[in-house]
Amino acid sequence: MKKIVLCISLVVFMVGTSLAQDFEFSSDQIDLKFERFVLPNGLTLLVHEDHKAPIAAVNVWYHVGSKNEKLGKSGFAHLFEHLMFNGSENFNDDYFQALERIGGTDLNGTTNSDRTNYFQNVPTSALDQVLFLESDRMGHLLGAIDQAKLDEQRGVVQNEKRQGENQPYGKQWELLTKAMYPKGHPYSWTVIGEMEDLNAASLEDVQEWFKAYYGAANAVIAIAGDVDPQDVHKKVLDYFGDIPSGPTVMRQEVNIPEKVTDSYQVYEDRVPEARILLAWNTPEFGNQEDIHFDLISAILTSGKNSRLYKRLVYDEQLASSVVSFQSSSEIASNFITWANVKPGGDAERVQEIMEEELAKLIKDGPTEKELKRVKASYFSSFIKGLERIGGFGGVSDILASNQTYFGDAGYYKTVLKYVEDATIADVQATAKKWLTKGKHVLLCKPFPEYTVTESSVDRSKLPEVGEAKSSVFPELQRDKLSNGLNIVLAKRTGVPTVVMNLMFDAGYKTDYLSSPGTAALAMNLLDEGTKELNSLEINERLQLLGASLYSYSNQDNSNVYLNTLKPSLNASIDLFADVVLNPAFPEKEFIRLKEEQINTINQEKSQPVSMALRVMNKYLYGEGHPYSNPYTGTGYVETVNKLTKSDVEAFYKTWIRPNNATLVVTGDVEMKDLKNKLEKAFGKWKKATVPTINFETPKVNSKNTLYLMDRPESEQSVILAGHLTEKYGDVSQIALEQMVSILGGDFTSRINMNLREDKHWAYGASGFVMGAKAERPFIMYAPVQTDKSAESVTELRKEIAEFISTRPVTQEELDKVKTNQILSLPGQWETNSAVNQSIVNIVKYNLSDDYYQTYDSNVRNLSLDEVRSVSKKVVQPEKVNWFMVGDRAKIAENLDALGFDAIIEIDADGNPKMPAVKTNTTDIKN
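A quick note: this is a predicted structure, and the numbers were derived from the prediction, not measured.

K.L.:
Teacher, can you tell me more about the overall build of the chain here?
P.N.:
The helix and strand inventory of the chain stands at 32 helices and 23 strands. Expressed along its principal axes, the backbone C-alpha trace of the chain runs to roughly 110 × 70 × 60 Å. Counting only residues that meet the buried cut, the chain has 54% of its 926 residues in that class. Across the chain, contacts joining residues at least 24 apart in sequence account for 80% of those joining residues at least 6 apart.

K.L.:
Would you mind showing me how to read unusual backbone geometry here?
P.N.:
Backbone geometry follows two general trends: most residues other than glycine have a negative phi, and most peptide bonds adopt the trans configuration. The backbone of Tyr169 shows a phi angle near 65°, a positive value even though the residue is not glycine. Looking at where Tyr169 falls in the secondary structure, it is placed in the loop between helix 5 (147-166) and helix 6 (172-180). Although it is not a glycine, Asn846 adopts a positive phi angle of roughly 55°. Within the secondary structure, Asn846 sits in the loop between helix 29 (832-844) and helix 30 (855-860).

K.L.:
Where do I start with the sheet that holds strand 4 (residues 105-111) in this structure?
P.N.:
Sheet strands pair by backbone hydrogen bonding; their relative direction is either parallel or antiparallel. Strand order across the open sheet formed by six strands is 1-2-6-3-5-4, with mixed pairing between neighbours. Each edge of the open sheet is held by one strand with a lone partner, namely strand 1 (35-38) and strand 4. The mean angle between the axes of side-by-side strands here comes to 15°, regardless of whether they run parallel or antiparallel. The sheet contact formed by strand 2 (residues 44-49) and strand 6 (residues 219-225) spans six bridges and is parallel. By the bridge assignment for strand 6, Leu45 is matched with Ile221. The strands touched by helix 2 (residues 76-83) within the sheet are strand 4 and strand 5 (116-123), with strand 4 carrying the most contacts at an inclination of about 150°.

K.L.:
Help me understand the pattern of salt bridges, please; the structure alone is not making it clear to me.
P.N.:
Oppositely charged side chains can form a pair if their charged atoms are brought close together. Evaluated as defined, the whole model comprises 51 salt bridges. Here Lys67 makes a salt bridge to Glu330, at a shortest N to O gap of 2.6 Å. Within this pair, whereas Lys67 is found in the loop between strand 3 (55-62) and helix 2, its partner Glu330 is found in the loop between strand 9 (319-327) and strand 10 (333-341), the two being separated by 263 residues in sequence. With relative accessibility at 5%, the residue Lys67 sits in the buried group. A salt bridge links Glu194 to Lys178; its shortest N-O distance comes to 3.4 Å. In this pair, Glu194 sits in the loop between helix 6 and helix 7 (195-200) while Lys178 sits in helix 6, placing the two residues 16 residues apart along the sequence. What emerges from the salt-bridge pattern is a single network uniting Arg311, Glu316, Arg349, Glu352, Glu356, Glu357 and Lys360.

K.L.:
Just checking my understanding: could you explain the environment of Phe883 for this structure?
P.N.:
Checked against the element boundaries, Phe883 lands in strand 22 (residues 881-886). Judged by relative accessible area, which is 2%, Phe883 ranks as buried. When the C-alpha atoms of Phe883 and Leu706 are compared, they prove to be 5.8 Å apart, with 177 residues separating the residues in sequence. Setting aside chain neighbours within four positions, we find Phe883 in contact with Val615, Met616, Tyr619, Leu620, Leu706, Tyr707, Val718, Ile719 and Leu720.

K.L.:
Is there a simple way to explain helix 31 (residues 864-874) in this structure?
P.N.:
Structural remark: α-helix, 3.6 residues per turn; residues separated by three or four positions point the same way. Taken as a whole, helix 31 has its buried residues at Leu864, Val867, Val870, Ser871 and Val874. Angularly, the buried residues of helix 31 cover 130° about the axis, an arc narrow enough to put them on a single face. Among the exposed residues of helix 31, those oriented more than 90 degrees off its buried face are Asp865 and Lys872.

K.L.:
What is the right way to read the packing of helix 10 (residues 288-301) against helix 16 (residues 424-435) from this model?
P.N.:
The description of two helices packed together rests on the angle between their axes and the distance between the axes. At a minimum axis distance of 9 Å, the contact between helix 10 and helix 16 shows a crossing angle of 95°. Classed by the angle they form, the pair helix 10 and helix 16 counts as roughly perpendicular. Residues Glu289, His292, Phe293, Leu295, Ile296 and Ile299 of helix 10 touch helix 16, and the partners they reach there are Asp426, Val427, Thr430, Ala431, Lys433, Trp434 and Leu435. The residue inventory of the contact of helix 10 with helix 16, partitioned by class, reads eight nonpolar, two polar and three charged.

K.L.:
Help me understand helix 24 (residues 671-682) in this model?
P.N.:
Here helix 24 spans 15 Å end to end across 12 residues, near enough to the 16 Å set by a 1.5 Å rise per residue. Residues Met671, Leu674, Leu678, Ala681 and Phe682 constitute the buried set of helix 24. Buried residues in helix 24, looked at end-on, bunch into an arc of 100°, giving them a common side. In helix 24, the exposed positions that point more than 90 degrees away from the buried face belong to Lys672 and Lys680.

K.L.:
Looking at this structure, how should I read the sheet that holds strand 14 (residues 497-504)?
P.N.:
Taken in spatial order, the six strands line up as 12-13-17-14-16-15 in an open sheet, and their pairing is mixed. This sheet does not close on itself; its edge strands, each paired only once, are strand 12 (476-480) and strand 15 (548-553). Adjacent strand axes in the sheet meet at a mean angle of 15°, parallel and antiparallel pairs treated alike. For strand 14 and strand 16 (residues 558-565), the ladder comprises eight bridges, and the chain directions are antiparallel. Of the residues in strand 16, the one forming a bridge with Phe504 is Ser558.

Parameters and conventions
Residues numbered from 1 in each chain as written. Predicted model: local features only at pLDDT ≥ 70, side-chain atom pairs only at ≥ 80, totals over all residues. Heavy atoms only, no water. Helix = DSSP H or I, 4+ residues; strand = E, 2+ residues; numbered from the N terminus. Buried < 20%, exposed > 50% of the residue type's maximum accessible area, 1.4 Å probe, protein only. Contact = heavy atoms within 4.5 Å. Pairing = 2+ DSSP bridges. Axes fitted to C-alpha atoms, helices over the stretch in contact; angles between N-to-C directions. Salt bridge = Lys/Arg side-chain N within 4 Å of Asp/Glu carboxyl O. Arc of directions from axis to C-beta. Parallel < 35°, antiparallel > 145°, perpendicular 65-115°, else oblique. Nonpolar A, V, L, I, M, F, W, Y, C, P; charged D, E, K, R; others polar. Expected span 1.5 Å × (residues − 1).

Honestly, that's just the spatial picture; any functional story needs more than this.
Now the structure itself:
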């Protein structure tokens, strides 16, 4: 046994000698002797002899941490660690008291994202007692955990969380965690968890956690000190051998999120100094590059000669302290560096210097002297840790951690070899590879000192609103590819996103030439796989590019939408083109989406509003019209059931053609560059003849008719009422929009103020004109309490009748909605996506390119006469048909008194359930 101690001492002596003579280190000189045993139940035991003192270190590691939690269940691993100290079935007392009674030291338990460990040093004479206690809580715990203990430790943990966040800069870890990892990533929540998740933790949750992760096969015990390995093995087998292995634990694969661009975040805290923090996603724990980052960290901030310390603290004295470290974790890591800025200092300048020094390291690498220095420090720290048998960095900790993470207690040799072999070029390459990717910048500012000043504001009245500035809409540029694909570009600088919407003149209206539901299913399937990529691979590439892409149809168009970042535009266009030009229409995805669409139809047929929307077009437009199918576009169960993959492919071949498309682009890109990129990506796409959609005059055979849909036990009746009105552009759209706002579009509109604010019969009611290329529905919408169904019809009739007769639009009403519209325009076009959608309207309705550039002035100059004139054209009470979804048994009795020409009860697909019922009858029968 003395030989082992001598071996370690010899290493220390040799390292010391090599330092003095500037010799190279050799990892082979460090050999930590241990014996490894695996019990029949899968428990791994590691034993190291060290007889310098009559003590033993017992270190138990469970391979479970916060990354094993699920969304909504954060904090479980750490909460359970606390519960492990509160007694087990055969020792139902506080664990700390037991250890204190036997002279335990270095006693604690910790949890991180990847593991939970429990450790203590005790006199060798007390080893049996510690093994009894550890084995009892590993194998015999659940009977001792009750609601009282759970509530007690939940409170302790929550106060620990509050205490941590109450410390200066305490909020940075939660902010950093959420910034570095996307939602759902195993590291996207903090180890201590969310308050609401901790509150929701139940006794059953805790028990399931124990059963899932605290089995013997998921644990490692490292025992070091004045012990004999065979004797320890016998004891551990005796105490732990009867504990079940537990279920198999699935290990998560390496998952390092790709940050394409920098992100920036500012928060305030009660701190004396500002702190600027930079963080990057880096390789997982134990990777060779992970070890390089330990050296990089030391080069930057370890010692007075380190680069950031010397520059910021010692020479320029802009910062009071600098820190950097590699926060290593099992499936991904973070490299973090921060500087505390001296009071009154310039945080921006400090950040500039930090980035300058990092850039120098990336460009030139470390010096030979620096690398030798940090290597010496690394080896020295490791060897000093070997002096201790327990605690963090001690012998038992080294053995247990390496066995847990790498399945090899001797993996520390690999790590030391990585350090020893690291060259200037290696460190430089690692820094260049990872520190040139997107980083997160987190700035903590001290709470400012606030004071109040005297005010001269007259609060007896509202201040007058100043003259609104005119909104600005970008100019449009147009071009065309050689294959006929139209391009419309709105160049906007200063925003890092680029939005593309590829519009095809197709949509649900084409279903009348094929089968209801075809357009919806075909476009839903389009982005589910290409000839080279499956759906999951497409999604993964989008995430790596910081992009989103989806395909869909609406009534008049089928679209493929892309929102991406400017730095990844080229790769995003390539993926966009692959999805559009090379769809595979996988059979598996076709079946899945077809089933989903049928489920959606069934859901629509159970929801009051969608029930009405599904049948409305059938009666407003008449059979055979391109718009006569369900407005939702999903079709009917029987029609979707019959759809085949060939139908979807036929839709694609028929409608998805360059000469039937316009690509609307918004972002910081030049037309010349854009066209070149698009010609390269889409230029080989072939033209084809596209069918013509004929919008014949709608065949409306009814007016003043109520179409009733029975929905038993409904708490409300949903009313949709309306008629068709002029096409987009046949009346002044600007006047129409203001008219709609007054009648039913705004919260303070006439319809809403009547049914909600005055009568209290509805939570909200409105009126609007729906968008369409042909004749459009003018609609009133009101979900009302059941016992006021008939009365609500009367009020709606009154509102539209008076709107064009005794109570036309007033100047006051018009001024209010005009002002609101003008003031809201700048916010309406804040994002590239919003601008893109407005351009889509220009293309869809064939508006002039300057439509939105002149929109502001056209709204300002709109007259009362224009609005009243449009009102009389659009609002025609005598043409209104009514659709009502409600509990027929409760509402039918009062409906025949409303003077409808007919009441027709229809099913969820719009089919009449009986002949029309005249309103002079007293009952409605099936």
